[in-house]
Amino acid sequence: MFLMEGKFYTSTEAAEVTHCSRRQLQYWREKGVIVPTVNTSGKGRNVYYSKADLLVLTVMEQLLSIGLNFEVCHAPLETLRE
């Protein structure tokens, strides 16, 4: 497994922190919208999210929760990544 410095979060931990469901995280990962930093092709326990990933997940969840559609939400995510 590829390791980087800093704390990383499992899918379960990421879901708890961001208030996203694990299924939502999996869907976004499959669509390439929000790809985990460590082991991007892994599933379940093999997937780890960085703090930066959690920020992007939180922003996405918040934008969707206020009623914006998926396409509108995706643009700010690209800006965050840059």
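Quick caveat: nothing in here was measured; it's all calculated off a predicted structure.

Things to note about helix α3 (residues 51-65)
Here is step 1 of the chain: Between its first and last C-alpha atoms α3 spans 21 Å; for 15 residues at 1.5 Å apiece the expected length is 21 Å, and the two agree.
Here is step 2 of the chain: Along α3, the positions that sit buried rather than exposed are D53, L54, V56, L57, M60, E61 and L63.
Here is step 3 of the chain: With a side-chain oxygen positioned 3.3 Å from the backbone nitrogen of A52, the residue opening α3 is S50.
Here is step 4 of the chain: The first or second residue beyond α3 is G67, which carries a positive phi of 100°.

A few points about the environment of F70
Here is step 1 of the chain: Along the chain, F70 turns up in helix α4 (residues 70-81).
Here is step 2 of the chain: Among the residues examined, F70 registers a relative accessible area of 30% and is labelled partly exposed.
Here is step 3 of the chain: Sequence separation between F70 and M60 is ten residues, and the spatial gap between their C-alpha atoms is 8.6 Å.
Here is step 4 of the chain: Leave out the neighbours within four places in its chain, and F70 touches W28, V33, M60 and L64.

Let's talk about the environment of K51
Here is step 1 of the chain: Looking at the secondary structure, you find K51 in helix α3.
Here is step 2 of the chain: By relative accessible area, K51 is classed as exposed at 55%.
Here is step 3 of the chain: With 44 residues separating them along the chain, K51 and K7 place their C-alpha atoms 7.4 Å apart.

With respect to unusual backbone geometry
Here is step 1 of the chain: In this model, H19 sits at a positive phi of 65°, which is unusual for a non-glycine residue.
Here is step 2 of the chain: The exposure class assigned to H19 is exposed, which follows from its relative accessible area of 63%.

Conventions used here
Residues numbered from 1 in each chain as written. Predicted model: local features only at pLDDT ≥ 70, side-chain atom pairs only at ≥ 80, totals over all residues. Heavy atoms only, no water. Helix = DSSP H or I, 4+ residues; strand = E, 2+ residues; numbered from the N terminus. Expected span 1.5 Å × (residues − 1). Buried < 20%, exposed > 50% of the residue type's maximum accessible area, 1.4 Å probe, protein only. Polar contact = N/O pair within 3.5 Å; in protein donor to acceptor, adjacent residues only side chain to side chain. Contact = heavy atoms within 4.5 Å.

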